[in-house]
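These are the residues of each chain, in order.
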Amino acid sequence: RAIVRELDEKDLHLTDTIPPQETDPTDFKSRFLKKIRKLGEGNFGMVELCLYDPKGDQTGELVAVKSLKTENESSNLRKEISTIRNLYHENIVKYKGICSDEGGANIKLVMEYLPAGSLKDYLPRNKSNIDQKRLLLYALQICQGMEYLGSQNYIHRDLAARNILVENESLVKIGDFGLTKSIKDDKDYYKVTEEQDSPVYWYAPECLINRKFYKASDVWSFGVTLYEIMSYCDRENSPPQVFLKSIGRSHGQMTMARLVDALEKGWRMPRPDTCPEMVYTQIRRCWSQAPENRVDFKSLIEEFEFFVN
Ligand code: ADP
Ligand code: MG
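None of the values given here were measured: they were computed from a predicted structure. (Residues numbered from 1 in each chain as written. Chains lettered and ligands numbered in written order. Predicted model: local features only at pLDDT ≥ 70, side-chain atom pairs only at ≥ 80, totals over all residues.)

A few words on the environment of Gln 152. Looking at where Gln 152 falls in the secondary structure, it is placed in the loop between helix H4 (132-151) and strand S6 (154-155). C-beta crowding within 10 Å serves as the criterion here: with 13 such atoms nearby, Gln 152 is assigned to the partly exposed category. For the pair Gln 152 and Leu 87, spaced 65 residues apart in sequence, the C-alpha to C-alpha distance is 8.4 Å. (Helix = DSSP H or I, 4+ residues; strand = E, 2+ residues; numbered from the N terminus. Buried ≥ 20, exposed ≤ 12 C-beta atoms within 10 Å, placed from the backbone.)

For the rest of this paragraph, the subject is the nonpolar core. Across soluble globular proteins, nonpolar side chains have a tendency to be buried as a group. Val 65, Leu 119, Tyr 138, Ala 139, Ile 142, Cys 143 and Ile 229 are the most contacted members of the largest nonpolar core, which has 70 residues in total. Every residue in contact with Tyr 138, bar those within four places of it in the chain, is listed here: Leu 119, Val 172 and Ile 229. (Core = buried A, V, L, I, M, F, W, Y, C linked by C-beta atoms within 7 Å. Contact = placed C-beta atoms within 7 Å.)

The strands making up a sheet associate through backbone hydrogen bonding, with each pair oriented either parallel or antiparallel. Ordered in space as S1-S2-S3-S5-S4, the five strands form an open sheet in which the pairing is antiparallel. A single partner strand is all that each edge strand has here, and the edge strands are strand S1 (33-41) and strand S4 (95-100). Each adjacent strand pair in this sheet contributes to an overall mean axis angle of 30 degrees, direction not counted. Relative to strand S5 (residues 107-112), strand S3 (residues 61-68) runs antiparallel, the two sharing four bridges. By the bridge assignment for S5, Val 65 is matched with Val 110. Against the sheet, helix H2 (residues 74-84) touches S3, S4 and S5, its axis set at about 35 degrees to S5. (Pairing = 2+ DSSP bridges. Axes fitted to C-alpha atoms, helices over the stretch in contact; angles between N-to-C directions.)

We now examine the site of ligand 1. Around ligand 1, 23 residues are found, and the nearest of them are Gly 40, Gly 42, Gly 45, Ala 64 and Asp 176. Only S1, strand S2 (45-52), S3 and S5 provide two or more residues apiece to the shell around ligand 1. Considering each element in turn, the shell around ligand 1 owes the most residues, three residues, to S1. In terms of residue class, the shell around ligand 1 is built from nine nonpolar, nine polar and five charged. (Near = placed C-beta within 6 Å. Nonpolar A, V, L, I, M, F, W, Y, C, P; charged D, E, K, R; others polar.)

Let's shift gears to the UniProt feature "active site" (unreviewed entry) in the protein chain. When the UniProt feature table is mapped onto this chain, "active site" (unreviewed entry) is found at Asp 158. Its place among the elements puts Asp 158 in the loop between S6 and strand S7 (164-168). For Asp 158, a count of 22 C-beta atoms within 10 Å corresponds to the buried category. Sequence-distant contacts of Asp 158, that is, excluding residues within four places in its chain, are made with Asn 163, Asp 176, Gly 178, Leu 179 and Pro 199. (UniProt positions renumbered as here; feature names shortened; annotations may be inferred.)

Another point: the packing of H4 against helix H10 (residues 297-308). In helix packing, the relevant descriptors are the interaxial angle and the interaxial distance, both defined with respect to the helix axes. The contact between H4 and H10 brings their axes to 9 Å, and the two run at 155 degrees. Relative to H10, the element H4 lies roughly antiparallel. Crossing geometry of H4 relative to H10 is assigned as left-handed. In contact with Lys 133, Leu 136, Leu 137, Ala 139, Leu 140, Cys 143, Gln 144, Met 146, Glu 147 and Gly 150 of H4, H10 contributes Phe 297, Lys 298, Leu 300, Ile 301, Phe 304, Glu 305, Phe 307 and Val 308. (Parallel < 35°, antiparallel > 145°, perpendicular 65-115°, else oblique. Left-handed = near helix turned anticlockwise from the far one by under 90°.)

The UniProt entry lists Leu 39, Gly 40, Glu 41, Gly 42, Asn 43, Phe 44, Gly 45, Met 46, Val 47 and Lys 66 under the feature "binding site: ATP" (unreviewed entry), expressed in the numbering used here. Taken along the chain, the residues just named run across 28 residues; in space they keep tight, none of their C-alpha pairs more than 14.2 Å apart. Note that Gly 45 resides in strand S2. Its place among the elements puts Lys 66 in strand S3.

Quick look at the structure:
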């Protein structure tokens, strides 16, 4: 550091006609952002790996950049940005900044790049190197991120393996705050006003029936996510596959009605072969019909801390 300071001072003497640069580190200039490849896409967004290289000498940093597939959804991305930039936790993907074009009509979200992708891609590929204790460590980290999110009065609303990102074999982070809502001080739920492409197989009954989202609705989705994790995100046994195999394939709106009906009658996804009974017990505690009867993230953290130690 001392050396750097000395150099800076020398430079200043040589170049004191140039004013000191005041740059906002969260303002990414689109001309310096070079696309490397596509990382993934969901219903609304698209995420690309880019090199941000303002010096133009390939010494820049790798970042993940999210944009929207259709431009008219840009207010949704703005909401996502205003959520993620307030979140600071080890198990939540880090916000880095934004990149907007000249007119400011188009906006992109710049975040840290997690090289191993989502759990949905990572688990099937690395199955042979990941034991159950490791899976439970991921579960614990997700609960810790969710406990923090809840403490900030946010409801994620899209917790699923596809939205959990892998930093390395022993660290995962929650991503995709595209459906996240903050709950008002006088309420304990968020009421959906516009119909969207909801991840229905991850949703609790109260979300499907009354369109109400509580913190406990995220706990239900966590149960589905844990189900995915314990089955190593096996595509043959993904939640939509398991539901459709059990309640029967049907067309259009019928599926939703049958899903609600099955859940109300107490039907739940069965224990995956690779999931120990004691973990399935925790999954079932996430799937109590009434939100007030579900386990919360705090007690899940205690359970998983016990499992991984
Ligand atoms: P959408 O809102 O469209 O679902 P996501 O934010 O979930 O968008 O991103 C889509 C996919 O892109 C993810 O499932 C993941 O595979 C990949 N991805 C997203 N963010 C990152 C990141 N920071 N680093 C690496 N891959 C990412
Ligand atoms: Mg997603």
